Amino acid sequence: MSTSAAAAPSGAQFAPEHIMQVGLGFWGSKTLLSAIEMELFTQLAGHPQDLETLTGRAGLHPRSARDFLDALVALGFLERTDGVYRNAPDTDLFLDKHKPSYIGGVLEMANARLFGFWNSLTEALRTGELQNEAKGGGVPLFQELYADPARLKGFAAAMTGLSRGASLQIAEQFPWGDYKRFADIGTAQGDLSVQVALAHPRLTGYGFDLPELGPIFEEYVEQHGLGDRLAFVAGDFFAGDLPRADVLLMGHILHDWNLEEKRTLIAKAYDALPTGGALVVYETIIDDDRSQNAFGLLMSLNMLIETHGGFDYTAADCMEWMRTAGFARTRTEHLVGPDSMVIAIK
Ligand SMILES: C[S@@+](CC[C@H](N)C(=O)[O-])C[C@H]1O[C@@H](n2cnc3c(N)ncnc32)[C@H](O)[C@@H]1O
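These remarks concern the structure in this document. All figures in this text were calculated on a predicted structure; none of them were measured in a lab.

### Overview of the site of the ligand
Around the ligand, the surrounding shell holds 16 residues, and the nearest of these are Tyr146, Ser163, Gly186, Asp209 and His252. In isolation the ligand offers 600 Å² of accessible surface; the protein chains occlude 90% of this area. Looking at the shell around the ligand, its residues break down into nine nonpolar, five polar and two charged.

### So, the packing of aromatic side chains
One pass over the structure, following the stated rule, counts 10 aromatic pairs. Ring geometry for Phe237 and Phe238: centres 5.2 Å apart, planes at 80°, overall edge-to-face. Overall, Phe237 belongs to the buried group, its relative accessible area being 14%. Of the aromatic side chains, those joined through ring pairs into one cluster are Phe174, Trp176, Tyr179 and Phe182. The positively charged end of Lys30 is found above the aromatic ring belonging to Phe115, 5.7 Å away from the centroid. A cation over a ring is seen here: Lys262 above Phe311, with NZ or CZ 3.6 Å from the ring centre.

### Some remarks on the sheet that holds strand E5 (residues 204-209)
Strand order across the open sheet formed by seven strands is E6-E5-E4-E7-E8-E10-E9, with mixed pairing between neighbours. Two strands bound the open sheet, and with one partner strand each, they are strand E6 (230-234) and strand E9 (329-336). When the angles between neighbouring strand axes are averaged without regard to direction, this sheet yields 20°. Summarising the sheet, strand E8 (residues 278-283) and strand E10 (residues 339-345) pair through six bridges and their orientation is antiparallel.

### Considering a nonpolar patch on the surface
On the surface, a cluster of nonpolar side chains totalling about 630 Å² of accessible area is made up of Ile19, Met20, Leu24, Phe26, Trp27 and Phe115. Those elements that place two or more of their residues in the nonpolar patch are helix H2 (17-23) and helix H3 (25-37). The topology assignment puts Phe115 in helix H8 (residues 104-117). Take Phe115: its relative accessible area is 34%, and that puts it in the partly exposed class.

The rules behind the values
- Residues numbered from 1 in each chain as written.
- Predicted model: local features only at pLDDT ≥ 70, side-chain atom pairs only at ≥ 80, totals over all residues.
- Heavy atoms only, no water.
- Near = heavy atom within 4 Å.
- Areas by Shrake-Rupley, 256 points an atom, 1.4 Å probe, with all protein chains shown as cover.
- Nonpolar A, V, L, I, M, F, W, Y, C, P; charged D, E, K, R; others polar.
- Phe/Tyr/Trp six-rings, centres within 6.5 Å; stacked < 30°, edge-to-face > 60°.
- Buried < 20%, exposed > 50% of the residue type's maximum accessible area, 1.4 Å probe, protein only.
- Lys NZ or Arg CZ within 6 Å of the ring centre and 35° of its normal.
- Pairing = 2+ DSSP bridges.
- Helix = DSSP H or I, 4+ residues; strand = E, 2+ residues; numbered from the N terminus.
- Axes fitted to C-alpha atoms, helices over the stretch in contact; angles between N-to-C directions.
- Patch = residues over 30% accessible without salt bridge, like charges linked within 9 Å, V, L, I, M, F, W, Y side chains within 5 Å.
- Salt bridge = Lys/Arg side-chain N within 4 Å of Asp/Glu carboxyl O.

Right, dumping it as structure tokens:
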């Protein structure tokens, strides 16, 4: 036997499952996204239904209904007993629109927008150009969103769903006892401020965002009875100063912007903090070896699709930018799932 023949990989050594699973991953992804679009899990919450009833209520064609619903069973989103379909427990908690724990908003947006835009990934990889509504001089999504309060509220609520796990963890994990006042920069609906304020009755805080978010933040804060401790500050973080506070938080902000803009925002945070104050940056921070946090790396490709210069980054990258801005000490802590926070002390 020749050496090269002996070294050739055999079918028994390798299996194609992983390649096929990722390559055809859009089958499962779109099945889930369509179920969310049809509000299937909301209909099933508290009302398990048989095939015939569900087919009629969801407006499914008889040809598709059984395969669609059973695929959702096989994927773990539904359960079926004696022909009756019900939500799996986690589906029921997170994908029933009537529960405050609903996280489907971000998936609704993914279905309506990103699923199509990602079809142009190859073009984005070759050109470095974004592929969303703004492609070729179109009206950027955010311009439309800020002009439509109802849609803007939907977006802010979707961000709350996406960030909820990390927000609860930051409220619990960060040493809040050392500080009095915080400001959440790019706060959207303000869930991080709300979770921190609920967990620490001594603290007061600001939510900082573009003026259009003011009423949405204030309504959410009032719903939680925190109007006496949380206030909205309207501003553009590139045009003016950041609010002064002991702790500044930036969640899913830096990855939207290019390196120069990232450095500008970190420098503004440094200026707004007192000596000993902290900047907390959190998002899907990529592992330093850039080989493990696939979600963080794919998020960065999503920034390629969605923004002119945005990208995700490692904790080592972020700490280097923070130290260059003058921060004395930096550290990173894992939060939950793909999310970590990077902390800098002035
Ligand atoms: C991706 S969302 C992050 C929301 C929230 N921090 C979270 O992690 O869930 C980005 C936020 O930054 C805000 N934003 C964008 N440009 C801004 C600017 N120039 N000044 C202030 N806020 C801005 C947006 O309105 C939006 O609420």
